Amino acid sequence: METDLFKEEFKYFKSRNSPIDYSKVLDFEDVDRFPFIIKYDDVSMRNLLDKSESVFEKSGACQTCDKFGLKSHDKWKIYGHSELNGLFIITNPFTPSGQSFWIRKCLETYPYKPNITNLEKLGKENEYKDSEYLKNLRWTTIGYHHNWDTKVYNKANRSPFPECLYYLIYHISSVIGNNTFDPQAAIINYYHLNSTLSGHTDHSEQDLTSPIYSISLGQDAIFLIGGRTKAVRPFSIFLRSGDVIVMSGESRLSYHGVPRILQTKEERWTFEADTEQECYGSYIKNSRININVRQVFAKEKEMNE
């Protein structure tokens, strides 16, 4: 029987009983300490994920980036790792107001009908007032709804995919060289400081060649990613608010998970006190939101930014 090295690492970072050594956790904001981290320049970015022509603009402010709360993409920093084929990290391409915009979307718009949440599945959606609703919210699904029991996507079980999120992900994908990606489904996870996400692979989609785009908002996290089996010891990575992970190629079907949420040392969003925004600021001080978007079926829609 193979040793479950993924579980071993997961338990190490999850444990609250002994000190954790974070010195070997990959930090893409301190790349000089990790010789295997690779920075991608403008030229190599064009073909990271696809051979299709990129819409990457070489210079000047990008109006599409500005529209979605992103820094102009000529300022983005994109990294990979020599042993993690197909995994790319865009370190916080969002502006502070951009992060606030997407946090609000995840709290006041996306976790309500016609989308599906864990509370609806439990038959408790109408039992909670707003504060309790957010406290007990764990996930919401958008577009094609993932069936947690059968692990199958059904074409008949879907809600409209929000246009704003659709074009945010399409733009990010286009900038790094894949303008054929068709965002069709999103799972948004809501974590508290004691939350975890067990090791798993994303293999329910019919199209397993398209990447998964994952956006972190709020508190920091330790992210583990290994190989096709749990016998591969995973790498540990710091994820901070605004970071975008792209799982493509070999990493697309690799085991991954989140064993620990960490209190951030830097708030990268802006919510004003004593306003209607204060409740969102209070929530995100002790929570992490993860938006992950995937293409489930063959391309359905022609994109036009």
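Small disclaimer: the values here were computed from a predicted structure and weren't measured.

**Student:** Where do I start with the packing of aromatic side chains in this structure?
**Tutor:** The geometry of an aromatic ring pair is captured by the separation of the ring centres together with the interplanar angle, meaning the angle of the planes. Per the stated rule, a full pass over the model turns up 13 aromatic pairs. A ring pair is formed by W139 and W148, whose centres lie 5.0 Å apart and whose planes are at 50°; its orientation type is tilted. The exposure class of W139 is buried, given its relative accessible area of 14%. The class for W148 is partly exposed, based on a relative accessible area of 26%. With a centroid separation of 5.1 Å and 70° between ring planes, the pair formed by Y166 and Y167 is classed as edge-to-face. The exposure class assigned to Y166 is buried, which follows from its relative accessible area of 4%. Overall, the relative accessible area of 14% leaves Y167 in the buried class. A connected cluster of aromatic rings, assembled from ring pairs, spans F161, Y166 and Y167. Positioned above the aromatic ring of F297 is the side chain of K155, whose terminal nitrogen or guanidinium carbon lies 4.9 Å from the ring centre. When the ring centre of Y144 is taken as reference, the NZ or CZ atom of R158 above it lies at 4.2 Å.

**Student:** Help me understand the side chain of T91, please; the structure alone is not making it clear to me.
**Tutor:** Within the secondary structure layout, T91 lies in the loop between β3 (84-90) and α4 (96-109). Judged by its relative accessible area of 13%, T91 falls in the buried class. Ignoring sequence-local partners within four residues, the contact set of T91 consists of F28, K77, Y79 and D243.

**Student:** Got a minute to help me understand the sheet that holds strand β8 (residues 197-200) in this structure?
**Tutor:** Pairing between sheet strands relies on hydrogen bonds along the backbone, with the strands arranged either parallel or antiparallel. Reading across the sheet, the four strands line up as β8-β13-β10-β11 and stay open at both edges, with antiparallel pairing between neighbours. Edge strands, defined here as strands with exactly one partner in the open sheet, are β8 and β11 (235-239). The average undirected angle you get between the axes of adjacent strands in this sheet is 25°. Of the pairings in the sheet, the one linking β8 to strand β13 (residues 256-262) comprises two bridges and is antiparallel in character. For H200, the partnering residue across the bridge sits in β13 and is H256. The sheet strands contacting helix α1 (residues 5-14) are β8, β10 (220-225), β11 and β13, and the helix crosses β13 at an angle near 10°.

Quick notes on the rules
Residues numbered from 1 in each chain as written. Predicted model: local features only at pLDDT ≥ 70, side-chain atom pairs only at ≥ 80, totals over all residues. Heavy atoms only, no water. Phe/Tyr/Trp six-rings, centres within 6.5 Å; stacked < 30°, edge-to-face > 60°. Buried < 20%, exposed > 50% of the residue type's maximum accessible area, 1.4 Å probe, protein only. Lys NZ or Arg CZ within 6 Å of the ring centre and 35° of its normal. Helix = DSSP H or I, 4+ residues; strand = E, 2+ residues; numbered from the N terminus. Contact = heavy atoms within 4.5 Å. Pairing = 2+ DSSP bridges. Axes fitted to C-alpha atoms, helices over the stretch in contact; angles between N-to-C directions.

The values are spatial; any link to function lies outside them.
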